[in-house]
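Structural overview
Each chain, written out:
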Amino acid sequence: MIKIKNLHASIDGKEILKGINLEIKAGEVHAIMGPNGSGKSTLSSVLAGREEYEVTEGSVSFDGKDILELSPEDRAREGLFLAFQYPVEIPGVSNINFLKTAINETRAYKGMEPVSAKEFLALVKEKSALVELDSKLANRSVNEGFSGGEKKRNEIFQMAMLEPKLAILDETDSGLDIDALRIVANGVNKLKSPNNATIVITHYQRLLDYIVPDFVHVLYNGKIVKTGGKELALELEEKGYDWIKGEFKV
Amino acid sequence: MTTAELTKKDKFLTVFSSLDFKSEPEHYAQLRKEAEAELLTLDFPTSKTEYWKYTRLGKITNNNFQIGKVEQVDIKPFLIPNLDANLLVVVNGFFMEELSQIASQNGITVSSLSKAKTQNSTVFAKHFNQYTQNKSELFLAINNAFHTDGIYIELAKNTTAEKPYHIINITTENNSISQSRNLFVSSAGSEVKIIESFVNANGSENFINNVTEIYVAENSMVEYNKIQDKKDTNFSISTEQVYQQANSNFAINTATFNGALVRNNLNIEVDASNCETSLSGLYLGKNKDHIDNHTVVDHKKPHCNSFEVYKGILDDESTGVFNGKVFVRQDAQKTNAFQQNNNILLSDNAVMNSKPELEIYADDVKCSHGSTTGQIDDEAIFYLQSRGVGRKSALNLMINAFAKDALEKVTIEALQEYIDAKIEERFA
Ligand SMILES: Nc1ncnc2c1ncn2[C@@H]1O[C@H](COP(=O)(O)OP(=O)(O)OP(=O)(O)O)[C@@H](O)[C@H]1O
Ligand SMILES: [Mg+2]
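Residue positions within a chain follow its written sequence, with the count starting from 1. Written order decides the labels, with chains lettered from A and ligands numbered from 1. Per-residue local features are limited, in this predicted model, to residues with pLDDT of at least 70; the limit for side-chain atom pairs, both in listing and counting, is 80 or more; totals at the level of whole chains, interfaces and linings are taken over all residues. Note that the side-chain values use all heavy atoms of the structure and ignore hydrogens as well as water.

Observations regarding the overall build of chain B
Convention followed: Segments assigned H or I by DSSP are reported as helices when at least four residues long, segments assigned E as strands when at least two residues long, and all are numbered from the N terminus. To get the radius of gyration, use the C-alpha atoms; to get the globule rule, take the number of residues to the power 0.38 and multiply by 2.2 Å. Computed with the Shrake-Rupley method and a 1.4 Å probe, the accessible areas treat only the protein chains shown as cover for residues. Residues counted as positive are Lys and Arg, residues counted as negative are Asp and Glu, and His and the chain ends are not counted. To locate a charge, the coordinates of NZ of Lys, CZ of Arg, CG of Asp or CD of Glu are taken.
A tally of regular secondary structure across chain B gives nine helices and 21 strands. In terms of overall size, chain B behaves like a compact globule, its C-alpha atoms giving a radius of gyration of 21 Å where 428 residues would be expected to give roughly 22 Å. On the principal axes, the C-alpha backbone points of chain B span a range of 70 × 45 × 45 Å. For chain B, the exposed area adds up to about 16900 Å²; of that, 47% sits on carbon and sulfur atoms. Of the side chains in chain B, 41 bear a positive and 55 a negative charge, and the two mean positions are spaced by 2 Å.

Here's what the structure looks like:
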């Protein structure tokens, strides 16, 4: 589904990603872990197309397309979704209205008819139930005045509405209480299919108890320095990152 | 130096000598004479004149204007879709009866201003020129002295206008100057909604110097909506003098879509208790537009509320000016005054000069004011894009979100839709 090859990216002249290699196939769940500042969110942003980052080397092909050439909106329309670590508050822009615009522009991109008002409402109802998002929140301005947990739930609600092929969840678990964590994880699991894939960025094993990864990668200093199965997450939880840092430096 | 400036003003005023007001009743001729006398003491503002600090008038004062003439104009482009309203058309400061459509209603007098002067109306005579005399403002005095025609609307006691009044105030020709003038009188317990579209049919560098007086009697309600859409090649200065009586409600909504030089002088005197006053504005600048809103709310009596929100979106090399003054006089205890000016600059070359001012002489009041000027939030744009919303639509959503509440006090649905459509069109 996605092939990241030797990806280097920098911001303000400072190199943050220093050669990422990662391949994800349909149906897989990959977890990316790593200490603060190692470049996890940078990788997400670069994949989603944030302009501030300059890709200096490498390639990313998404279903055979070079997505580095695409605008952020076209990447989304191709099926890439990023649940932000820090969702942005947008006063005055209705959550529902902008999602309708997003869905219809994506449909237009694919040569499809716009969604009917009825279909759309049904979709909102179904998907907000999936993540137990209060319908009042769905109708409010994007993330404005949402609690930390509500913001994260809203990210998964949007993901459910947009049905991406590849979803990147950047620390979606942080700020969630245990119930919300279960709800969000259930939502993600229900959306899982053999045709889509998920990247879960997290610091905690807790989320991975619910969303069980096929692979766990450790990102350190802009590189993936270790890859393993789900047991690697357990090992990291127990031992921390020092042993990897040590190993890597040697 | 002083002599040179005087010459310039005098030269500017000579264009009006061709106007003939001889047929006007003596009382009104006398008012004009008084204004001419005042004009002798006034001059064009200089760079030191605080009130005009950010708006240079060279484009107007150095121009060679000709008096705008009566002209048949196709008004279709200026109609507001789905608006069921009385239509009043003014072209270059002259009332166009044949283009107007007025349904007569008991208790409402609607006519041209010039006709009203000849009707021996005591109400008209009582209010006309009452709120504009000797204000030491040059353009106001010029209009006092040399206005041509405009609209008079009077509501008798306890009359509610069945339909809004839509004044289409049109300018035409290159370098024409016109001076329209309105008076609206809402007697006790009456209610009226007025829209005035300031538009341009043809020509560039034409200049309108409009004055509107509004008398809002006890327990009456007036909503005045101004649409300014004269293209980016024309000039307008307009002055509203509003006088509010007890328990009255006045709302003004000003939407400015362009203009080489637009200056609005809005002065509201709240001279009795329990009044509600609302001032809203939205201005969209592009190219080299220059849009200046100066507002004054003068709270003189206790227990009144005023609410003011002006919002601007400035692109290219456009300039916005906002100066909002709220006075709360010593007697005006329990005043509640809110004032806000927010601006978005869409380009590095756009400029905003914002100055909200409160002058409070009473001690038991609730007043707040604020001003912000910033860019569109890039992170928000990226967030929307990352969901599949195109960059343009994202910008549009953001701009609409920003602009939306600026004119939420407009209560005429067709007008709301018209303004929304114009905003969308502007940023599409
Ligand atoms: N504008 C910038 N200029 C310079 N350095 C930056 C800039 N933005 C981010 N960085 C740096 O890039 C590095 C990677 O940041 P990133 O947010 O990708 O880390 P992360 O792995 O997501 O961390 P966390 O676990 O805390 O979320 C950090 O050292 C950060 O300080
Ligand atoms: Mg991060």
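Text resumes after the structure shown.
Focus: a negative patch on the surface
To keep it simple, the criterion reads: To count toward a patch, a residue needs a relative accessible area over 30% and no salt bridge; like charges are then connected within 9 Å, while nonpolar side chains (Val, Leu, Ile, Met, Phe, Trp, Tyr) are connected within 5 Å. When a carboxyl oxygen of Asp or Glu is within 4 Å of a side-chain nitrogen of Lys or Arg, the pair counts as a salt bridge. The buried label goes to any residue with under 20% of its type's maximum accessible area, the exposed label to any with over 50%, and the partly exposed label to all in between, with areas taken from a 1.4 Å probe on protein chains only.
Side chains of Glu51 of chain A together with Asp377, Asp378 and Glu379 of chain B sit close together on the surface and give a patch of like negative charge. For Glu51 of chain A, the location among the structural elements is in the loop between helix H1 (40-48) and strand S4 (54-62). According to the relative accessible area criterion, Glu51 of chain A is exposed, its value standing at 64%.

Quick word on the site of ligand 1
All names here are of chain A. We apply this condition: A molecule or strand has a residue near it when one of that residue's heavy atoms lies within 4 Å. The term polar contact refers here to a pair of N or O atoms within 3.5 Å; inside protein, the definition further demands a hydrogen-donor-capable atom paired with an acceptor-capable atom, and it admits residues adjacent in sequence only when both atoms are side-chain atoms. Polar here means any residue outside two lists: the nonpolar Ala, Val, Leu, Ile, Met, Phe, Trp, Tyr, Cys and Pro, and the charged Asp, Glu, Lys and Arg; Gly therefore counts as polar.
Among the 15 residues in the neighbourhood of ligand 1, the closest are listed as Gly37, Lys40, Ser41, Thr42 and His203. Here an oxygen atom of ligand 1 and a backbone polar atom of Gly37 are 2.9 Å apart. Gln85 is positioned such that a nitrogen or oxygen atom in its side chain is 3.0 Å from an oxygen atom of ligand 1. In the complex, the protein chains occlude 67% of the 650 Å² of accessible area that ligand 1 would expose alone. Secondary-structure elements contributing two or more residues to the shell around ligand 1 are strand S2 (14-24) and H1. The element that contributes the greatest number of residues to the shell around ligand 1 is H1, accounting for three residues. Counted by class, the shell around ligand 1 contains three nonpolar, eight polar and four charged residues.

Quick notes on the interface of chain A and chain B
Keep this limit in mind: Whether two residues are in contact is decided by their heavy atoms: any pair within 4.5 Å suffices.
Contact residues are listed per partner, giving 29 residues for chain A and 18 residues for chain B. At the junction of chain A and chain B, the tally comes to one salt bridge. Here Arg387 of chain B makes a salt bridge to Glu155 of chain A, at a shortest N to O gap of 2.6 Å. Contributions of two or more residues to the side of chain A that touches chain B are made by H1, helix H2 (72-77), strand S6 (80-83), strand S7 (90-94), helix H3 (95-109) and helix H6 (148-162) of chain A. The greatest single-element share of the side of chain A that touches chain B, amounting to five residues, is contributed by H3 of chain A. Here the side of chain A that touches chain B is composed, by residue class, of 17 nonpolar, seven polar and five charged.

Thoughts on the coordination of the magnesium ion (ligand 2)
Residue and element names in this part refer to chain A. As a reminder, the rule being used: Nitrogen, oxygen and sulfur within 2.8 Å of a metal are treated as its donors, or within 3.2 Å for sodium, potassium and calcium (Na, K, Ca); water is not counted, so a site can appear incomplete.
All of the protein donors around the magnesium ion (ligand 2) are Ser41 (OG) and Gln85 (OE1); their distances to the metal are 2.0 to 2.1 Å. Taken as a pair, Ser41 in helix H1 and Gln85 in the loop between S6 and S7 lie far apart in primary sequence, 44 residues in all. By relative accessible area, which is 24% here, Ser41 ends up partly exposed.

Observations regarding the domain arrangement of chain B
Residues and elements named next belong to chain B. Note the threshold: What marks off one domain from the next here is an automatic or database domain assignment. Reported buried area values correspond to the accessible surface (1.4 Å probe) lost by two parts on association, with both partners' losses combined.
Each assigned domain of chain B is listed with its residue range as follows: domain 1 (3-272) and domain 2 (377-428). Taken together, the contacts link 16 residues of domain 1 with twelve residues of domain 2. Surface buried jointly by domain 1 and domain 2 totals about 1200 Å² across both partners, of which 70% is contributed by carbon and sulfur atoms. In terms of surface lost to domain 2, no three residues of domain 1 exceed Ile80, Asn253 and Phe257, which account for 36% of the buried area on that side. Across the contact surface, domain 1 and domain 2 share one salt bridge. For Asp229, the salt bridge goes to Lys422, with nearest N and O atoms at 2.7 Å. The interface formed by domain 1 and domain 2 contains three residue pairs in polar contact (both at pLDDT 80 or more). Contributing elements (two or more residues each) for the side of domain 1 that touches domain 2: strand S9 (191-200), strand S11 (221-229) and strand S13 (249-256). Grouping the constituent residues of the side of domain 1 that touches domain 2 by class yields nine nonpolar, four polar and three charged.

A few points about the pairing of strand S3 (residues 29-33) of chain A
All names here are of chain A. This is how the line gets drawn: Following DSSP output, two strands are said to pair if at least two bridges run between them.
For S3, a buried count of five out of five residues is recorded, marking the element as mostly surrounded by other parts of the structure. Neither face of S3 is open: one carries Val29, Ala31 and Met33, the other His30 and Ile32, and all of them are buried. When S3 meets strand S10 (residues 197-201), the two strands line up parallel, connected through four bridges. Directly across from Val29, in S10, lies its bridge partner Thr198. One ladder, built from four bridges, connects S3 with strand S11 (residues 215-220); its direction is parallel. Residue His30 lies in a different strand from S11, and its bridge partner there is Phe215.

A look at helix H9 (residues 230-239) of chain A
Residues and elements named next belong to chain A. This is how it is decided: Taken from the helix axis, the directions to the C-beta atoms give the arc we talk about.
Those residues of H9 that fall on the buried side of the exposure criterion are Leu232, Ala233 and Leu236. For H9, the buried positions fall inside an angular range of 105° around the axis, keeping them on one side. At the C-terminal side of H9, Gly240 shows a positive phi close to 75°.

Thoughts on the environment of Gly13 of chain A
If you trace the backbone, Gly13 of chain A turns up in the loop between strand S1 (2-11) and S2. Sequence separation of Gly13 of chain A and Glu54 of chain A is 41 residues, and the distance between their C-alpha atoms is 8.5 Å.

Re the pattern of salt bridges
Residue and element names in this part refer to chain A. In this structure the tally under the stated criterion is 29 salt bridges over all chains. For Lys151, the salt bridge is made with Glu89, and the minimal N-O distance between the two is 3.0 Å. Here Lys151 is found in helix H6, whereas its partner Glu89 is found in the loop between S6 and S7, with 62 residues between them in sequence. Here Lys151 falls in the buried class, since its relative accessible area comes to 16%.

A few points about the sheet that holds S3 of chain A
Residues and elements named next belong to chain A. To keep it simple, the criterion reads: Every angle, taken between N-to-C directions, lies between 0 and 180 degrees, and every axis is a line fitted to C-alpha atoms, over only the stretch in contact when it is a helix.
Spatial strand order, S6-S9-S10-S3-S11-S12: six strands in an open sheet with mixed pairing. Two strands bound the open sheet, and with one partner strand each, they are S6 and strand S12 (223-228). Neighbour-to-neighbour, the strand axes of the sheet open up by a mean angle of 20°, direction not taken into account. Bridge analysis of S6 against strand S9 (residues 166-170) gives four bridges, and the strand direction is parallel. What sits directly across from Leu80, in S9, is Leu166.

Some words on the packing of helix H8 (residues 391-404) of chain B against helix H9 (residues 413-427) of chain B
All names here are of chain B. How we decide: By convention the crossing between two helices is left-handed if the near helix lies anticlockwise of the far one by an angle smaller than a right angle, and right-handed if it lies clockwise.
The N-to-C vectors of H8 and H9 enclose an angle of 145°; their axes lie 10 Å apart at closest approach. Every pair of crossing elements has a handedness; the one defined by H8 and H9 is right-handed. On H9, the residues that touch Asn396, Ile399, Asn400 and Ala403 of H8 are Ile423, Glu424 and Phe427. Class assignment for the residues of the contact of H8 with H9 results in four nonpolar, two polar and one charged.

Topic: the state of the cysteines
All names here are of chain B. Rules: Cysteine sulfur atoms are paired as a disulfide whenever they fall within 2.5 Å.
One pass over the structure, following the stated rule, counts zero disulfides over all chains. Not engaged in a disulfide, the cysteine Cys304 finds its nearest cysteine sulfur in Cys275; these two sulfurs lie 4.3 Å apart. Residue classification places Cys304 among the buried positions, given a relative accessible area of 0%. Between Cys367, a free cysteine, and Cys304, which holds the nearest cysteine sulfur, the sulfur-to-sulfur gap is 12 Å.

Here's the deal with the sheet that holds S2 of chain A
Residues and elements named next belong to chain A. What the four strands build is an open sheet, ordered S2-S1-S4-S5; its pairing is antiparallel. Whereas interior strands pair on both sides, the edge strands pair on one side only; in this sheet they are S2 and strand S5 (65-66). Bridge count for S1 against S2 is eight bridges, and the pairing is antiparallel. When the bridges of S2 are listed, Leu7 appears paired with Ile20.

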